[in-house]
Each structure stands twice: as structure tokens, then as C-alpha cells.
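# Coordinate inspection notes
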Amino acid sequence: MGMSKSWSCLGYPLSIFFIVVNEFCERFSYYGMRALLILYFTNFIRWDDNLSTAIYHTFVALCYLTPILGALIADSWLGKFKTIVSLSIVYTIGQVVLSVSSITDLTDHNHDGTPDSLPVHVALSMIGLALIALGTGGIKPCVSAFGGDQFEEGQEKQRNRFFSIFYLAINAGSLLSTIITPMLRVQQCGIHSKQACYPLAFGVPAALMAVSLIVFILGSGMYKKFQPQGNIMAKVVKCIGFAIKNRFRHRSKTFPKREHWLDWAKEKYDERLISQIKMVTRVMFLYIPLPMFWALFDQQGSRWTLQATTMSGRIGTIEIQPDQMQTVNAILIVIMVPIFDAVLYPLIAKCGFNFTSLKKMTVGMFLASMAFVAAAIVQVEIDKTLPVFPNGNEVQIKVLNIGNDNMSVSLPEEIVLLEPMSQTNGFMTFDVNKLTSINISSPGSPVTAVTDSFEQGQRHTLLVWAPSHYQVVKDGLNQKPEKGENGIRFVNTYNDLITITMSGKVFANISSYNASKYQFFPSGRKGYTINSTEIPPQCETNFNTLYLEFGSAYTYVIQKKNDGCPEVKTFEDIAANTVNMALQIPQYFLLTCGEVVFSVTGLEFSYSQAPSNMKSVLQAGWLLTVAVGNIIVLIVAGAGQFSKQWAEYVLFAALLLVVCVIFAIMAGFYTYINPAEIEAQFDEDEKKKSLEKRNPYFMSEANSQTQM
């Protein structure tokens, strides 16, 4: 204990540096693992998207619920230091188990490159994830509170700065890992069969977690460690319970009122505990509106990424994939935290404005609300450019003439004339009940009726060729292609089957005068090869696509030239995205500024307003607001299906604005305290009392003198 005084650097306790490095490694490890999780579920364990997403969200929610457990262990049993060490060991084991679960060769006895018994892998990965959730959640509230503990009385300024640096470490860790881990995944590895390297990608986070643990233990000699003070949580619950019961017993008018409802616990509990619980309940009360902020904040990963998939990722000369937009948040944090800390706050203070913690948090909520207004404006811009897809009982039809004759097609209310190798201008929309007759004919041949039924809510392509042949193809695309990729399908006008290979994907056995299903490709120029027995050997069979951008769809018609060689005609089904992804930067900027003033301040406020024996409990309470925020998203997204996405954004913005006003009013009634001073006052009183007990005569004499 005495030693820790001498170790300092730049006015900070040296032990802080170990804690910050530890947090950096831990966050790198956690986010690196999380970035892969959804892909691991879908590609390796082969669950469908919905199950994968549900399990992923459950895991994230668990990671924010376990802090309560960690806080209890730390504050009442092991103390913060031992809790961090022991749960980090659990965490590391979890990471190792998870990476082992992704080794194909574990159960792949016939060496064909797919695991023979998936349940083994599923069981292992679930055990691994459970241990990780316990570890990451359990140490979360302890690490930040333990860092705060390292400061002396009177080092408030450095301590506030520490919480900012701490937050920076979190984001630097997450930023680097979201960039690096996906690079590891694309490496190939395996003993008997080469494939995507999940064991390496999960193994690096595991190794980093071990490093994080070692770094933390190395600083052991320098830390200020406080002894845990019995099972504090149980005491708190019992005391609150007793106060409510007692208040209820004395509810008649004959009993005098007491200043605070917790004062009803005076009969059984000492003043000090009661005043500590008052501090905690006052802060917890302020926490009630906060989950709404997190509900908006956590949509960056889901809704905003989906918004990016309907935008164009060409920013100047570089190309950005939609899921890379999330890194904008982490990059901005790393830039903004120092700016706010070193420039903005001092400026505001110079102007004589007292920018208290709760005022900062109110501003943070307001900024996040504005970010969603910005998102809604961008969404309206996108909606103007989006193609119209069929609703409920509508059907959309496009006619494509793949023959060598002029064709006329009569649809309800219009007749379309098509030259060879041409299509109607976009899709035509019909009510499924009114779609009675469609007839096709070519000059000098009888009229043929189209008898196929059309599926409602879907797009269809009617392929026609001479003299009156047709084929109805269900497109299967009733939204923009996912992840900003581009859909491509081929139509075969040869008589034999055709197979096409295009950058690793195969369009197998497309029959004569028919269309393949769509396959999806990221942006760029793609080469493809056409294979068919009907193509003479001297023909060129390698072709290139046009430059694919983002979110488009094309039909490539393969046509037989006079010499029997193939040539390809391109038809656009869905136009590429036109709204630039750079337009998302304002909303990310607003949300990040909101996060800096809200989140960093919240961590620091929770620490500074908590009594010494409940620091971790309040940190856990703070993290609980994040968990509740996640749950709100699941409920709102599940319950309210808006036909217009921008309306949902406006709803969220309005909700947060209302909550922000409520919070501002609540904050107005809050008075800041210094727990250390209050506790020192109790210490003083106790000293006096013990002196009185020992020497009643001396004390009474002293009193009589003061009275004279």
C-alpha cells in the first residue's frame, strides 16, 4: 500500500498504464471474436441467418448482464484485483475452447474438409461463448472502477482524464481488431484440407487475452487494492426491503414523516450504510431513462449497415463495403475524445459555463437524436432512387424478347411491341386479380395465351421468342441485393445445356431458352467462362462483365452468332445504387459526438458519485442500461414493422428527444456529492463517539468548557 505512492509518471499513478493496456488487449480480443461470430455461425456451423442473429444478440445481451455478477464477486467477496485475475483466466479458457471448436480436423476423420459431427463443434462453441460472456462481463465493471481506485483524493482532474483514456483504449482495441481479424479469416489453413482459417482468427484474440492477463498481473506490486467489505449487495437489498416494510407499517398519520423513505431503516441499520444506499438509489433513479440512448446507439451495427447496403460505396477513388462503415464510429472516437478533452471542454469552461456531467449527458442524448434525424433525411434521399417493388397482392412483369423476330405482347390495358433482343422499360405492376389475360404473337403466327400463374408480391420476367413461345421466370429478387452486392443471371438461347463459371461461382446446366437463378458478386469487374457442347472449339468462351457497382442486378443473354460462337447481351433489372455512402458520415459524426459526451461522462459520473464500497455495483448498473437498450431494439424492431424506414428513424429520434427532456428535468433536481467527504464525516463522528465511550468524564468536561 505504502509503495504505490512513489510510482507515478506525468502526474498519473504508473499502475494506470498497465490497466489501460490490459483494457486495450481485452477489447481487441472481444471485438475481434465478435466480428467473426455471425460468419462462423452461418458458414461453419451452417445455421440460417435468423437463428445466427438471435444467438448473436443473446450472447451480446449476456455480456452486458454478467457485469452484475462480476460486481457482486468484487465488492463482496474477492475484491476487484482478484476478480479481474480469476475471471480473465475463465475468459482466456473460453477463447481457447471457441478456437478449438472451429478446427475442422477435430471431427473430420475422413478428411473431406467438412466436420463429421457438428454437434461436437456446436457444444464446444456454446461452452466457449458462455465462458467468454462470464469473463468479459464479469471484469467489465471491475476494470474501470479499479482504475478509478488508483487515484488519490484531489486527483479528480487526472481521474476524469483517465476515464477518457480508458474509453480511447476500448475503441482503439475494437478499431484495430475489426480491421485485422477479417484479414486473418481469409487466410487458408488446415492439416488435411485447406479452408477459411477460423482457428487462427479466433486464436489471435485468445492469445491477446492471455497477454492482457499477464500485463495486468505484472503491475500487481503497484496497485492500490481495497479489501472487499462483506456482502454489500445483500445488505443493500435487505436494508431497502426493511425500509419499505417499516414505512408501510407506519403509514398512518399519527407517525411523524421522515425526510427520505430510506430513513425508515434507521431502527435496524446504521446511518453510514443508509447514506451510502441513498447515494446509489439517487444515481440508479437517474439511470432509468438512459437505455433509450443505447437503443439508438446500437443500431449502427444493424439498421445503419442495412442502409449502407442501398448506397454506393465509391468515395473518390476508394471503394468501401457497407459493413466497413461501422469503423467510421471507432475512427471518429479515437479522434474526438482527445479533441473534446483537450480543446472543447476547456473552451467551454473559459466561457464561464459550468458544463456538469449531467448536462453533458443531456447534450449527448440530444446529439444522438439529431443523428437519427440525419439518418431519416438520408433515407428519404435513398427512397427517391429505390426501384418500386411489388406489395401484397401486386405482381410485377417485365417482358424480354430473346428471339430473332418482332413480338407483340398484349397485357391488361396495354400492348407492347418488342424488337429482337430488347426488353420493356422496367417492370409493369398489375393487381394479381386483374391479371386475366396475357397474349403473345409474332407477325404471321397465331396468338398464344400465357397460362402460367404469377405469384403475388414477386417480380417475374416473361421471356418470349418466335413464333409464339414463352417462359415465365420468377425473379426471386423483391428487394435490393444484400450487402450491396450485385445480382447476375444468365439466359440461354442455345439448344443444349450451358454451364457458366464466374469468379468461383457456378451457374450449372441452364436449359435452352431459360434463365438461371441470380448469384451475387461484390463490386468490381468479373470474368466468366461459358461451357457448352454446342459451342465450336475455336470460339472465345472467356468474357468480362461490365464494371459492377453496388446493389444492381443484370440479366446476361447468351446468343448464338452466325459462326456458332456465343455473344452476350446485357439487360439491366435493377439499377445500381446512386446515393453515396459518404452521406452517412454526418449521422455517424453526430452519434459519435453524442457518445463521447454521454458515454465517457457516464462512466466517470457513475464512479465519482458512488460510495467507496459500491463502485463496481454502480458501474454494473451503468452497463445494465446498455443491456436494456439492446432489448428495446429487439422489441421495437420486432413489434413495429414500418412500411417506410425513415418513419422508424423519426420515431426513434422523437422518443429519444422526449426522454432527453425528461432526463434534463430529473438532472435539474440532482445535487452532486463527494462520497469521500461524507464518509470522512462519518469517520470523524465515530472517532468522537469512541472517545466519549472511553472517557466520559473528559468529554463532559470539554463540553462544559465550550458552554461557558
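Residues numbered from 1 in each chain as written. Predicted model: local features only at pLDDT ≥ 70, side-chain atom pairs only at ≥ 80, totals over all residues. Heavy atoms only, no water.

This is how the line gets drawn: UniProt positions are given in the numbering used here, feature names are shortened, and annotations may be inferred rather than shown by experiment.
By the naming in an unreviewed UniProt entry, the protein chain is Solute carrier family 15 member 1, taken from Aotus nancymaae. Entered under Subunit (unreviewed entry) in the UniProt record, the comment concerning the protein chain runs "Interacts (via extracellular domain region) with trypsin." As its UniProt record puts it under Sequence similarities (unreviewed entry), the protein chain is described as follows: "Belongs to the major facilitator superfamily. Proton-dependent oligopeptide transporter (POT/PTR) (TC 2.A.17) family."

### A look at the side chain of Gln 155
Where we set the bar: The helix and strand labels rest on DSSP assignments: H or I over at least four residues marks a helix, E over at least two residues marks a strand, and numbering proceeds from the N terminus. In what follows, a contact means two residues having at least one pair of non-hydrogen atoms within 4.5 Å.
Counting through the fold element by element, Gln 155 comes out in the loop between helix H5 (118–149) and helix H6 (156–185). If we skip the residues at most four places from it in the chain, Gln 155 touches Gly 11 and Pro 13.

### Thoughts on the sheet that holds strand S8 (residues 407–411)
Basically, it comes down to this: For two strands to be treated as a pair, DSSP must find no fewer than two bridges joining them.
Here we have four strands laid out as an open sheet, ordered S9-S8-S12-S13, and antiparallel in their pairing. Strands with a single pairing partner mark the edges of an open sheet, and in this sheet they are strand S9 (414–418) and strand S13 (448–449). Bridging between S8 and S9 involves five bridges; their strand directions are antiparallel. Residue pairing in the sheet places Val 409 in a bridge with Val 416 of S9.

### A closer look at a nonpolar patch on the surface
Spelled out, the test is: Each patch is assembled from residues with relative accessible area greater than 30% and no salt bridge, linking like charges that lie within 9 Å and nonpolar side chains (Val, Leu, Ile, Met, Phe, Trp, Tyr) that lie within 5 Å. All accessibility values rest on the Shrake-Rupley procedure with a 1.4 Å probe; residue burial counts only the protein chains present in the view. For this document, the term salt bridge refers to a Lys or Arg side-chain nitrogen within 4 Å of an Asp or Glu carboxyl oxygen.
The grouping of Ile 331, Ile 335, Ile 339, Val 343, Leu 344 and Leu 347 at the surface amounts to a nonpolar patch, some 470 Å² of accessible area in total. Inspection of the secondary structure assignment puts Ile 335 in helix H12 (residues 327–350).

### Quick notes on helix H3 (residues 67–78)
The condition that has to hold: In this scheme, a residue with accessible area under 20% of its type's maximum is buried, one over 50% is exposed, and one in between is partly exposed, where area comes from a 1.4 Å probe on protein chains only.
Looking only at H3, the buried set comprises Pro 67, Gly 70, Ala 71, Ala 74, Asp 75 and Ser 76. Looking at the residues trailing H3, positive phi occurs at Gly 79, about 85 degrees.

### Some words on the packing of helix H4 (residues 80–101) against helix H7 (residues 198–218)
Using the following cut-off: An axis is simply a line fitted to the C-alpha atoms; with a helix, the fit covers only the stretch in contact. Between two such axes, the angle follows the N-to-C directions and lies from 0 to 180 degrees. When an angle is under 35 degrees it counts as roughly parallel; over 145 it counts as roughly antiparallel; between 65 and 115 it counts as roughly perpendicular; any other value is oblique. Less than a right angle of anticlockwise turn of the near helix away from the far helix marks a crossing as left-handed, whereas a clockwise turn marks it as right-handed. Note on residue categories: nonpolar means Ala, Val, Leu, Ile, Met, Phe, Trp, Tyr, Cys or Pro, charged means Asp, Glu, Lys or Arg, and polar means any other residue, Gly included.
Interhelical geometry of H4 versus H7 gives an angle of 165 degrees and a closest axis separation of 9 Å. As summarised for this structure, H4 and H7 are arranged roughly antiparallel, according to the angle between their axes. In this structure, H4 meets H7 at a crossing whose hand is left-handed. For the pair formed by H4 and H7, the contact residues are Phe 81, Ile 84, Val 85, Ser 88, Ile 89, Tyr 91, Thr 92, Gln 95, Val 96, Leu 98 and Ser 99 on the first element and Pro 199, Phe 202, Gly 203, Pro 205, Ala 206, Met 209, Ala 210, Leu 213, Phe 216 and Ile 217 on the second. Partitioned by chemical class, the residues of the contact of H4 with H7 number 16 nonpolar, five polar and no charged.

### Observations concerning the sheet that holds strand S17 (residues 498–502)
The four strands are arranged S18-S17-S21-S22 in an open sheet whose pairing can be described as antiparallel. At either end of the open sheet lies a strand with only one pairing partner, and these are strand S18 (505–510) and strand S22 (542–544). In this sheet, adjacent strand axes meet at a mean angle of 20 degrees when their direction is disregarded. Here S17 pairs with S18 via four bridges, running antiparallel. The residue of S18 that forms the bridge with Met 502 is Lys 505.

### Let's talk about the pattern of salt bridges
Inspection of the entire model under this criterion finds 17 salt bridges. Between Glu 648 and Arg 303 there is a salt bridge, with the nearest N and O atoms lying 2.9 Å from each other. Of this pair, Glu 648 sits in helix H16 (residues 645–668) while Arg 303 is found in helix H11 (residues 300–308), placing the two residues 345 residues apart along the sequence. Look at Glu 648 and you get buried, because its relative accessible area is 3%. The salt bridge partner of Lys 398 is Asp 573, with a shortest N-O separation of 2.3 Å. Residue Lys 398 is found in strand S7 (residues 394–401), and its partner Asp 573 is found in strand S24 (residues 566–574); the two are separated by 175 residues along the sequence. Take Lys 398 and Asp 573: they sit in the same class, and that class is buried. Shared partners join several salt bridges into a network, and the residues in it are Lys 398, Asp 475, Arg 489 and Asp 573.

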